[in-house]
Amino acid sequence: MTEAAHAARSHETSRSPSAEFPKGRRLEAYRWMVLARVMDERCLSLQRQGRIGFYAPLSGQEAAQVGAAFAMQPEDWIFPAYREVAVALVRGVPLRSVFDQLVGNASDRSKGRQMPNHFAFSEIRFVSASSPIGTQITQAVGASMAIQRRKDRIATIAFFGDGATSSNDFHAGLNFAGVFRTPTIFFCQNNQWAISLPRERQTRSATLAEKAAAYGFPGVVVDGNDVAAVYRTVREARERALAGDGPTLIEAQVYRFGPHSTSDDPRRYREDSQVQAARQRDPIALLKATLVQDRVLDEAADSKIWEEARAEVAEALAGAEKEPLPDVASVFEDVFAALTPRLEEQRDEALGMHGGHRP
Amino acid sequence: MTEAAHAARSHETSRSPSAEFPKGRRLEAYRWMVLARVMDERCLSLQRQGRIGFYAPLSGQEAAQVGAAFAMQPEDWIFPAYREVAVALVRGVPLRSVFDQLVGNASDRSKGRQMPNHFAFSEIRFVSASSPIGTQITQAVGASMAIQRRKDRIATIAFFGDGATSSNDFHAGLNFAGVFRTPTIFFCQNNQWAISLPRERQTRSATLAEKAAAYGFPGVVVDGNDVAAVYRTVREARERALAGDGPTLIEAQVYRFGPHSTSDDPRRYREDSQVQAARQRDPIALLKATLVQDRVLDEAADSKIWEEARAEVAEALAGAEKEPLPDVASVFEDVFAALTPRLEEQRDEALGMHGGHRP
Amino acid sequence: MTELTLVQAVNRGLQEAMRQDPDVLILGEDVGVNGGVFRATEGLQKEFGPGRVIDTPLSETGIVGTAIGMALYGLKPVAEIQFLDFIYPAFDQIVSELAKFRYRSGGQFPCHVVVRAPYGGGIKGGLYHSQSTEAYFAHTAGLKVAIPSTPADAKGLLLTAVHDEDPVIFLEPKRIYRAVTGEVPDGDHRVPFGKARLVREGSDVSIFAYGAMVPTATDAAATLALEGISAEIIDLRTLVPLDERAVIASVEKTGRAVIVHEAARFCGFGGELAAILAEKAFYSLKAPIARVTGYDTPFPYSLEHVYLPNTDRVAQAARTTVRAG
Amino acid sequence: MTELTLVQAVNRGLQEAMRQDPDVLILGEDVGVNGGVFRATEGLQKEFGPGRVIDTPLSETGIVGTAIGMALYGLKPVAEIQFLDFIYPAFDQIVSELAKFRYRSGGQFPCHVVVRAPYGGGIKGGLYHSQSTEAYFAHTAGLKVAIPSTPADAKGLLLTAVHDEDPVIFLEPKRIYRAVTGEVPDGDHRVPFGKARLVREGSDVSIFAYGAMVPTATDAAATLALEGISAEIIDLRTLVPLDERAVIASVEKTGRAVIVHEAARFCGFGGELAAILAEKAFYSLKAPIARVTGYDTPFPYSLEHVYLPNTDRVAQAARTTVRAG
Ligand SMILES: Cc1ncc(C[n+]2csc(CCOP(=O)(O)OP(=O)(O)O)c2C)c(N)n1
Ligand SMILES: Cc1ncc(C[n+]2csc(CCOP(=O)(O)OP(=O)(O)O)c2C)c(N)n1
Ligand SMILES: [Mg+2]
Ligand SMILES: [Mg+2]
């Protein structure tokens, strides 16, 4: 941890023993992290082959995502950015549904309307992601205000990156959260880059976590490569939220191993040596080492985990690729709850041009 | 000063002796403060009589404005909000020009295009004010970046209120200023109210000044009723700016004695006793007491200052009210540097309807 | 029935909606203790408490962003933007988020927020307390846009808006907030979206208007009647959904169209109306389509009477149109 | 003359402007070290240094707000918005400030900023990397709006934009950034604002387009020619100022109009064109005015080919129009 990180840690609330990561679930966490890594690699190559249009990898952020997902409860609301594939998986979204979205087929829960990675899964309270940076932050606060009004015993968590701390919604969201003392967890995955802009040039504060002070609530830095530390930090924040003590800003310090997205070439702006150095603290390797040390895992079992993950990914992909495109008429649905006469007219025009059946 | 204010003061840079308020100019400062107060009272009554359409008084903020204006140099750029009448006067705008704007006549430098209080005086580098809250903050930072690029030895100052700290531009502006270390002074007149919202419910940070830490530069609280303290604080910030040490956020703690504007009825949201308590520290009375104590001023001289101010205001108003409205054709000027064919066509239509001459 | 001003009718509409459904709440700047700068929310915090009438910090981004979050959660927030001129800090939330939530999630996350804002000129508000930018919202797929011109419609359209399933931009013509009073039904009065109001029947020319331009157009029709020109006045009431049928039917009858709005002409809502007519009522048109609108300039202060359409300009355009063919 | 793609021509235009005038500078996200996500600013930071090609934090509010401040001070900033879809956090600065500075100050504070943004669909960008919202800007008095459709125009309009005295929204059709190459004059090549480009002469129908729809319309004209229909293609080049004279003159000749744009139809730029024609070329019109546009829905991903106008749709509309009268 950096010195600044230590300083920011002093903000942290007292340790809660009930917040410790359940040892029995470490292997489970490991499996999810491996699955996410395998997915990442597969999707990067799928994009190169033109089989999916885009992908934003999460390699290096697996512990942060899985740790946070484990710490939240099923009733909690998740406001993701566009890298939170692992969060969705941990909360129970079938891998197949993820691939349906990535290929944008007729089975996609979002009807093939969004670019890959922009997921929405209402059954796990995983709110529809959008591309504009930061917008989910105020929305999470609004949902938290609704929680307060309904007196529900849950919390919301908003995921965002280091770059998003510069957004309008970061400022508005954290300010409203402070004023209304909402049960919100602001989970910033500081992966050190906003595309080509390094963290140091995003803002001049020593840590991102300390920005919370400007809004009157605590900010905490956590080592995002340590799944147990992430879990504990999110858990404690959740306890504070449910106790009525208001929001917490968490800065999970990680490193983005891969490109920003499949459209990006990181060699243009960073040295490979920096990436190699960061990979020394690969969250998967770190967790594996602990598990091996504690004799929960050996190499054979580990290989099996990776193989199973690959098989699972291959199967989900194959299924998703067999599906047809959504129907032409679907373009006109969900603009409003019901089609307007104007949209009906346009739908009929499109059906005339492109075929497809009127629903 | 509040306890929080003391805490924030610890951020402050070391005292600079050259930053002390020049004693010989105290009476001059007092005259400006009185003139502003007299204007305020006159304008409130003018609005009630329907002779001007709107007014936003500055009573209670005279020391903050005059102190800041004295501390800046003529070449510095001013980015005002809509209450900075005293700043414009101190920098040399004739009172008559102010009234030309308030009545929106043909002599108004802005051609009667803006509501009262939205001044623009290019000759004193007083940038055109707009109503949307906070927008001048990023603009001041941009001008500061231009200063850096041109290597000019000047600074910019942005005026805004406590409410504006919640705006998008506050966040973006301070963040850019921190990152680029610009020669910018962020001068927040915390008058305790954003229309009906009290400062405590605008944000949960203990002071507004401490928000600077989120952007990696110092924030300072100053007693905004003390013209010398304001002067010194702004002066020190200006010295830092010119020394290349970057921006400073200054929170001048004042109290808005009057209504938010002539459209506002403050009795709906605050107790008169609170106003009375605040008036105990009227910046004009405080300065007068010092001047009287130092035998720079006596009651007779003071009465004369007030009378002269009233006469000056009456004369400027009378002159401004004699002017005609701007010409109908002026509506179509300055949309672009030159009229487009479309605007020419519309101008001719309007001239046909309303008369007036084609330029 | 109660005799109310338009802004009082807005107030009663909000009150009625909040009484009907505990999920309805209000948020915005100065809406609580102060009752709104135009008093549209007067008395509501007293009746429903600060948990349902929420004074927010000065951030439209925050107001609309949090309203969206509340709506996703199942509440029915009504966000007040103090003046339409100040909605732009929230524009990203409105056009990128609010308008697209249902669509982008394949219907999984409908997002129903009503955003209320006083708009329009005629109150000596200068550049930033006068603008009419309904076209921005009407052009944004996924938003409904409602604009009442009478007290009864203010309440009736607002209640429909609050109970609608889609996001609604609800624009209130502040110039006529208190200009006239009208009979407003008590209780649960609703005016459906997508149904224009026939203000006055006529046979020579159709005048289309909304908001504060409806009384202006109606006054013009009275003048025209004295000259023997029979003008039909149609108040669109909702720009989205638009009652295209009524618009087309009227021009099929009169053969002539004058479109009136306060907003700047270029790319304004009048362009859409003209385009619809030039496509779908082409063979009925006897004369060029006229637009009487604000000019293509920012909104001036001292000369706002030059900028704003008035009775003379509307009547003149109608005359020219009738004489043309 | 050099053979360049459209995005290369943008790059050369920026380079030329920066060489001409030391006050020209660029700011935006990833424009410096990375050379822009589309490589429009490639090599410029190397040539002109980080003081003139500035990588900013992730804030469009900050980018446009600071660009305005620079312009007030006398510099000539060119702000890049990474995708037009991400301009909305800066919308307040653009419509409330940039567009109105000169006007509201009575000419005391002109404010010349060029805001560049790639826009439009056809690259499988889904809702947020595809939109065409030029109508928002065209409706805002005080902004000029330029949209090139060829490499030569990209450079020529951009140089005009940088040296103009007014704010310019410069929209680049990213779908054809690299689709074709074209001859681009070296050095100080300028294309004036407000002059449409006659892409192809014709006598039966006028097709108006801009940006990536120009090649689509031109392809449609080729198809139509085989059927004996002579279509005139006009590339508007700048929406503001609009070359009204060219638009009207073309329809006076052909008597028929088809308007093509990617943006949603309702209240889109096509509405304005249709309204101008229905007012000022009314007596020349032989058939209803047709619009071929994106639909009134958000921009879809998998089915973007359904949403976007293509050659078939344009040709079909032209045929219908020609047959109609
Ligand atoms: C408002 C907005 N501006 C620009 C972009 C383009 N963009 C996409 S991702 C990105 C960087 C985001 O960085 P960060 O918040 O750190 O998240 P990360 O990608 O590192 O997870 C940018 C600039 C955008 N999506 N939205
Ligand atoms: C973006 C925006 N939202 C709302 C308003 C309406 N409004 C005008 S002044 C004001 C309060 C400003 O408070 P503060 O910043 O403290 O300045 P003060 O008026 O106290 O000087 C509000 C909400 C506005 N002008 N701009
Ligand atoms: Mg990042
Ligand atoms: Mg204030």
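Note that this is a predicted model, so its numbers are computed, not measured.

**So, the environment of D:I94**
Residues and elements named next belong to chain D. Its location among the elements puts I94 in helix α4 (residues 91–98). The sequence separation of I94 and G142 amounts to 48 residues, and the corresponding C-alpha distance is 9.9 Å. When residues no more than four places from it in sequence are discounted, the contact partners of I94 are V64, I87, A99, F137, L143 and I169.

**Points about the interface of chain C and chain D**
Tallying the contact residues gives 51 residues for chain C and 51 residues for chain D. Across the pair C:E272 and D:R291 runs a salt bridge, and its minimum N-O distance is 2.8 Å. Where chain C packs against chain D, one counts 20 residue pairs in polar contact (both at pLDDT 80 or more). Where the side of chain C that touches chain D is concerned, the elements lending two or more residues are α4 (91–98), α5 (101–104), α6 (134–138), β12 (238–240), β13 (257–264) and α10 (269–280) of chain C. Ranked by residues supplied to the side of chain C that touches chain D, first place goes to α10(C) with eight residues. Partitioned by chemical class, the residues of the side of chain C that touches chain D number 32 nonpolar, eight polar and 11 charged.

**Let's talk about the domain arrangement of chain C**
All names here are of chain C. Looking at chain C, the domain boundaries give domain 1 (2–184) and domain 2 (197–324). Taken over C-alpha atoms, the centre of domain 1 sits 26 Å from the centre of domain 2. Across the contact, 27 residues belong to domain 1 and 26 residues belong to domain 2. Both sides of the domain 1 and domain 2 interface together cover about 2000 Å² of buried area, and 59% of this is carbon and sulfur. When the buried surface of domain 1 facing domain 2 is broken down by residue, K124, I147 and R175 rank first, second and third, together holding 24% of it. One can count two salt bridges joining domain 1 with domain 2.

**What to know about the interface of chain A and chain C**
Facing the 46 residues of chain A at the interface are 47 residues of chain C. Summing the contributions of chain A and of chain C, the shared interface buries around 3600 Å²; its carbon and sulfur component is 61%. When residues of chain A are sorted by the area they lose upon contact with chain C, A:R149, A:F176 and A:F336 head the list and together hold 18% of the total. Our count for the chain A to chain C interface comes out at four salt bridges. One salt bridge in this structure joins A:R342 and C:E244, with 2.7 Å as the shortest N-O distance. Where chain A meets chain C, there are 22 residue pairs in polar contact (both at pLDDT 80 or more). Contributions of two or more residues to the side of chain A that touches chain C are made by β1 (77–79), α6 (135–150), α7 (168–180) and α13 (341–354) of chain A. The greatest single-element share of the side of chain A that touches chain C, amounting to 11 residues, is contributed by α6(A). Here the side of chain A that touches chain C is composed, by residue class, of 22 nonpolar, 12 polar and 12 charged.

**Concerning unusual backbone geometry**
All names here are of chain C. The omega torsion across V240 and P241 is -5 degrees, close enough to zero to call that bond cis. Among the secondary structure elements, P241 is positioned in the loop between β12 and α9 (244–254). Positive phi, close to 55 degrees, is recorded for K124, a residue that is not glycine. What makes K124 partly exposed here is its relative accessible area of 36%.

**A short note on the pattern of salt bridges**
By the definition in use, this model includes 94 salt bridges over all chains. Here B:R25 makes a salt bridge to B:E28, at a shortest N to O gap of 3.1 Å. A residue is classified by how much of its surface remains accessible, and B:R25, at 31% relative accessible area, is partly exposed. Counted as one network, the salt bridges with shared partners bring together A:R342, A:E345, C:E244, C:E272, C:K280, D:R291 and D:D296.

**Examining the site of ligand 2**
Surveying the vicinity of ligand 2 reveals 19 residues, the closest of which are B:Y82, B:R83, B:D162, B:G163 and C:E60. Mapping the residues adjacent to ligand 2 onto the chains of the assembly identifies chains B and C. B:S131 has a polar backbone atom sitting 3.0 Å from a nitrogen atom of ligand 2. Residue B:H260 places a side-chain N or O atom 3.3 Å away from an oxygen atom belonging to ligand 2. Considered on its own, ligand 2 offers 580 Å² of accessible surface; in the complex 94% of this is hidden by protein. Per-class residue counts for the shell around ligand 2 are nine nonpolar, six polar and four charged.

**Some words on the confidence of the model for chain A**
Residue and element names in this part refer to chain A. Per-residue confidence for chain A gives a mean pLDDT of 94, with 94% of residues at or over 70. Highest mean pLDDT in chain A belongs to strand β3 (residues 184–190) (99); lowest belongs to helix α1 (residues 3–9) (40). This model gives residues 1–14 a pLDDT under 50, and the stretch forms 24 contacts once residues within four places in sequence are excluded.

**Some details on empty space enclosed by the protein**
The tally for this structure, following the rule as stated, stands at 12 cavities of 30 Å³ or more. If you add up the space inside the largest cavity, you get close to 210 Å³. D:Q131, D:T133, D:A264, D:T297 and D:Y307 are, among the 18 residues lining the largest cavity, the residues nearest its centre. If one sorts the elements of the lining of the largest cavity by residue count, strand β13 (residues 257–264) of chain D sits on top with three residues. In terms of lining, the second largest cavity is formed by 16 residues, of which the most central are C:Q131, C:T133, C:A264, C:T297 and D:K100. The dominant element in the lining of the second largest cavity, judged by the number of residues it contributes, is β13(C), at three residues. Residues of the lining of the second largest cavity, tallied by class, amount to eight nonpolar, six polar and two charged.

**Some points on the coordination of the magnesium ion (ligand 4)**
A metal bound by six donors in octahedral fashion has ideal angles of 90 or 180 degrees, whereas one bound by four tetrahedral donors has an ideal angle of 109.5 degrees. All names here are of chain B. The coordination sphere of the magnesium ion (ligand 4), as far as protein atoms go, consists of D162 (OD), N191 (OD1) and W193 (O), spread over 2.0 to 2.1 Å. Look at where the donors of the magnesium ion (ligand 4) fall in the sequence and you get D-x28-N-x1-W. A residue pair is termed long-range when its members are at least 10 positions apart, and D162 in the loop between β2 (156–161) and α7 (168–180) and N191 in the loop between β3 (184–190) and β4 (193–194) qualify at 29 residues. The buried category is assigned to N191, whose relative accessible area is 5%.

**Let's talk about the packing of helix α6 (residues 135–150) of chain B against α4(D)**
Remark: α6(B) packs on α4(D), axes separated minimally by 11 Å, with the N-to-C direction vectors making an angle of 90 degrees. As the angle between them shows, α6(B) and α4(D) are arranged roughly perpendicular. The segment α6(B) lies against α4(D), with B:T135, B:T138 and B:Q139 engaging D:D92, D:Q93 and D:E97. Taken together, the residues that form the contact of α6(B) with α4(D) break down as no nonpolar, four polar and two charged.

**Observations concerning the domain arrangement of chain A**
As far as domains go, chain A holds domain 1 (3–324) and domain 2 (327–359). Just the C-alpha atoms count here: the centres of domain 1 of chain A and domain 2 of chain A sit 36 Å apart.

**Observations regarding the packing of α7(B) against helix α3 (residues 60–73) of chain D**
Their axes nearest at 9 Å, the elements α7(B) and α3(D) cross at an angle of 75 degrees. Between α7(B) and α3(D), the angle falls in the class roughly perpendicular. Residue-level contacts link B:N168, B:D169, B:A172 and B:F176 of α7(B) to D:T61, D:G62, D:I63 and D:T66 of α3(D). When its residues are assigned to classes, the contact of α7(B) with α3(D) shows three nonpolar, four polar and one charged.

**Re the site of ligand 1**
Near ligand 1 lie 19 residues; those nearest to it are A:Y82, A:R83, A:D162, A:G163 and D:E60. A distance of 3.0 Å is found between a nitrogen atom of ligand 1 and a backbone nitrogen or oxygen belonging to A:S131. Against a free-state accessible area of 580 Å², the protein chains account for coverage of 94% of ligand 1. When its residues are assigned to classes, the shell around ligand 1 shows nine nonpolar, six polar and four charged.

**A closer look at the sheet that holds strand β7 (residues 168–173) of chain C**
All names here are of chain C. With mixed pairing, the seven strands of this open sheet are ordered in space as β3-β2-β4-β5-β7-β6-β12. Edge positions in the sheet fall to β3 (53–55) and β12, since each has one partner strand and no second. For this sheet the average axis-to-axis angle between neighbouring strands, irrespective of direction, equals 20 degrees. With two bridges joining them, strand β6 (residues 144–146) and β12 adopt antiparallel strand pairing. Bridge pairing links A146 to T238 in β12. The sheet strands contacting helix α7 (residues 151–163) are β2 (24–28), β4 (76–80), β5 (114–119), β7 and β12, and the helix crosses β7 at an angle near 165 degrees.

Cut-offs used in this document
- Residues numbered from 1 in each chain as written.
- Chains lettered and ligands numbered in written order.
- Predicted model: local features only at pLDDT ≥ 70, side-chain atom pairs only at ≥ 80, totals over all residues.
- Heavy atoms only, no water.
- Helix = DSSP H or I, 4+ residues; strand = E, 2+ residues; numbered from the N terminus.
- Contact = heavy atoms within 4.5 Å.
- Salt bridge = Lys/Arg side-chain N within 4 Å of Asp/Glu carboxyl O.
- Polar contact = N/O pair within 3.5 Å; in protein donor to acceptor, adjacent residues only side chain to side chain.
- Nonpolar A, V, L, I, M, F, W, Y, C, P; charged D, E, K, R; others polar.
- Domains from an automatic or database assignment.
- Buried area = accessible area lost by both parts, 1.4 Å probe.
- Buried < 20%, exposed > 50% of the residue type's maximum accessible area, 1.4 Å probe, protein only.
- Near = heavy atom within 4 Å.
- Areas by Shrake-Rupley, 256 points an atom, 1.4 Å probe, with all protein chains shown as cover.
- pLDDT = per-residue confidence, 0-100.
- 1 Å grid on protein atoms, 1.4 Å probe; cavity = no way out; pocket = protein on both sides within 12 Å on 5 of 7 lines; lining within 4 Å.
- Points joined across faces, edges and corners; volume = space filled by probe spheres on them.
- Donors = N, O, S within 2.8 Å, 3.2 Å for Na, K, Ca; no water.
- Axes fitted to C-alpha atoms, helices over the stretch in contact; angles between N-to-C directions.
- Parallel < 35°, antiparallel > 145°, perpendicular 65-115°, else oblique.
- Pairing = 2+ DSSP bridges.

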